[in-house]
Amino acid sequence: MMTTAKTKTSKPANLNIEAFLESVGVARTTVDFETKEIIFSQGDVCKDVMYIQKGHVMLSVVSKTGKEAVVAMLKPGDFVGEGGLAGQAVRIATATAASPASLLVISLKEMIRALHAEHEFSDRFISYMVGRNIQIEEDLIDQLFNFSEQRLARTLLSLASYDRQDKPRGVLPAVSQETLAEMIGTTRSRVNFFMKKFERLGFITHNGGLHVNDSLLSVVLNDEQ
């Protein structure tokens, strides 16, 4: 019998990045992207770091054999493309706007200067990145030990920002069932089956968008599948 691993979802430190960058005079630009517009592609040169102000960003990778996989769905308050800060020369994933999105774009040189000069910013950025790493570890544990129904429920709750106590919103961005299937490692038909089940049980509703109710958490916490 498969053992279900339970984890307490951690969230990256709450960074008021926009106000802080304004106060210390960090040079940045705001760029808007339409749904499905490529922000950067796998193999592009790492030249900047981006901060998501609005919308959702999907990260995907393509293997040498052409197989594509979705590895993350980022939300407002997340950074994207920060690998260049650790010496990453080229992007290892493609970033695509999953909904209309606005991103702050900061050059690597300017970001490194701010991290060295502004200790408060540096401390909070490190705290944020540690939180992101914890989230990645939890995602891996979820993938290895939990059933696909639980993985889908956890993903829906995360996309609806229930992992952020300061601003849960309960409404999902427009994400296809194919994308959800890639994110949790199952088939579209299984996702469709579970989505219908969740709706029948009142865990999700369709009313001007897909609304996720906190009662869906019961699926994540359930050992008996």
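As shown above, the structure is provided for reference.
An account of the accompanying structure is given in this report. No experiment lies behind these values; they were computed from the predicted model shown.

1. A few points about the side chain of Ser99
Okay, so step 1: Considering the arrangement of structural elements, one finds Ser99 in the loop between strand 7 (94-97) and strand 8 (101-107).
Okay, so step 2: The class for Ser99 is buried, based on a relative accessible area of 11%.
Okay, so step 3: Within polar-contact distance, the side chain of Ser99 engages the backbone nitrogen of His56 at 3.0 Å.

2. Things to note about the environment of Leu115
Okay, so step 1: Counting through the fold element by element, Leu115 comes out in helix 2 (residues 108-117).
Okay, so step 2: Accessibility expressed as a relative area gives 15% for Leu115, which makes it buried.
Okay, so step 3: Between the C-alpha atoms of Leu115 and Phe125, which are ten residues apart in sequence, the distance is 8.2 Å.

3. As for the packing of aromatic side chains
Okay, so step 1: Counted by the stated rule, this structure contains six aromatic pairs.
Okay, so step 2: Note on Phe79 and Tyr128: the rings are 5.3 Å apart at their centroids and 70° apart in plane angle, and the pair reads as edge-to-face. Remark: Tyr128 occurs in helix 3 (residues 119-145) and Phe79 occurs in strand 6 (residues 79-80); sequence separation between them is 49 residues.
Okay, so step 3: Under the relative-accessibility criterion, Phe79 is labelled buried at 0%.
Okay, so step 4: Centroid distance Phe121 to Phe125: 6.3 Å. Interplanar angle 45°. Geometry classified as tilted. Of this pair, Phe121 and Phe125 both sit in helix 3, four residues apart, roughly one helical turn.

4. Looking at the pattern of salt bridges
Okay, so step 1: On inspection of all chains with the given rule, the structure shows seven salt bridges.
Okay, so step 2: Residue Arg124 pairs with Glu120 through a salt bridge whose shortest N-O separation is 3.7 Å. In this pair, Arg124 and Glu120 are both assigned in helix 3, four residues apart and thus about one turn of the helix distant.
Okay, so step 3: Linking Glu138 and Arg154 is a salt bridge whose minimum nitrogen-to-oxygen distance equals 3.5 Å. Placement of Glu138 in helix 3 and of Arg154 in helix 4 (residues 148-159) is noted, with a sequence separation of 16 residues between them. Summarising the burial analysis for this pair, Glu138 and Arg154 share the class buried.

5. What to know about the side chain of Arg151
Okay, so step 1: Structurally, Arg151 can be placed in helix 4.
Okay, so step 2: In contact with Arg151, other than residues within four places in its own chain, are Asp142, Gln143, Asn146, Ile184 and Gly185.

6. Regarding the nonpolar core
Okay, so step 1: By size, the foremost hydrophobic cluster in this structure holds 27 residues, and its most contacted members are Leu152, Leu156, Phe198, Val212 and Leu216.
Okay, so step 2: The set of elements that each furnish at least two residues to this core consists of strand 5 (68-74), helix 4, helix 5 (177-184), helix 6 (188-200), strand 10 (210-212) and helix 7 (217-220).
Okay, so step 3: When residues in this core are grouped by element, the largest group, five residues, is from helix 4.
Okay, so step 4: Of all hydrophobic cores here, the second largest spans 18 residues; its members include Ile17, Val26, Met111 and Ala114.

7. Here's the deal with the sheet that holds strand 6
What holds strands together in a sheet is hydrogen bonding between their backbones, with the strands either parallel or antiparallel.
Okay, so step 1: Here four strands make up an open sheet; going across it, the order is 1-8-3-6 and the pairing antiparallel. The outermost strands of the open sheet, each flanked by one partner alone, are strand 1 (29-33) and strand 6.
Okay, so step 2: Sheet strands touched by helix 2: strand 3 (48-54), strand 6 and strand 8. Its angle to strand 8, the strand with the most contacts, is close to 75°.

8. Comments concerning the packing of helix 4 against helix 5
Okay, so step 1: Close contact between helix 4 and helix 5 brings their axes to 10 Å; oriented N to C, the two are set at 115°. Considering the angle they form, helix 4 stands roughly perpendicular to helix 5. The two elements helix 4 and helix 5 cross, and the hand of that crossing is right-handed. The residues of helix 5 that touch helix 4, namely those facing Ser148, Arg151, Leu152, Thr155, Leu156 and Leu159, are Leu180, Met183 and Ile184.
Okay, so step 2: Residue composition of the contact of helix 4 with helix 5, by class: six nonpolar, two polar and one charged.

9. A short note on the pairing of strand 8
Okay, so step 1: Here strand 8 lies mainly inside the structure; six of its seven residues are buried.
Okay, so step 2: Where strand 1 lies against strand 8, five bridges are found, and the strand directions are antiparallel. By the bridge assignment, Val31 is partnered in strand 8 with Leu103.
Okay, so step 3: Pairing of strand 3 with strand 8 involves six bridges; the strand directions are antiparallel. Bridge assignment links Met50 to a residue of strand 8, and that residue is Val105.

The rules we used
- Residues numbered from 1 in each chain as written.
- Predicted model: local features only at pLDDT ≥ 70, side-chain atom pairs only at ≥ 80, totals over all residues.
- Heavy atoms only, no water.
- Helix = DSSP H or I, 4+ residues; strand = E, 2+ residues; numbered from the N terminus.
- Buried < 20%, exposed > 50% of the residue type's maximum accessible area, 1.4 Å probe, protein only.
- Polar contact = N/O pair within 3.5 Å; in protein donor to acceptor, adjacent residues only side chain to side chain.
- Phe/Tyr/Trp six-rings, centres within 6.5 Å; stacked < 30°, edge-to-face > 60°.
- Salt bridge = Lys/Arg side-chain N within 4 Å of Asp/Glu carboxyl O.
- Contact = heavy atoms within 4.5 Å.
- Core = buried A, V, L, I, M, F, W, Y, C linked by side-chain atoms within 4.5 Å.
- Pairing = 2+ DSSP bridges.
- Axes fitted to C-alpha atoms, helices over the stretch in contact; angles between N-to-C directions.
- Parallel < 35°, antiparallel > 145°, perpendicular 65-115°, else oblique.
- Left-handed = near helix turned anticlockwise from the far one by under 90°.
- Nonpolar A, V, L, I, M, F, W, Y, C, P; charged D, E, K, R; others polar.

Any functional reading would require information that these geometric values do not contain.
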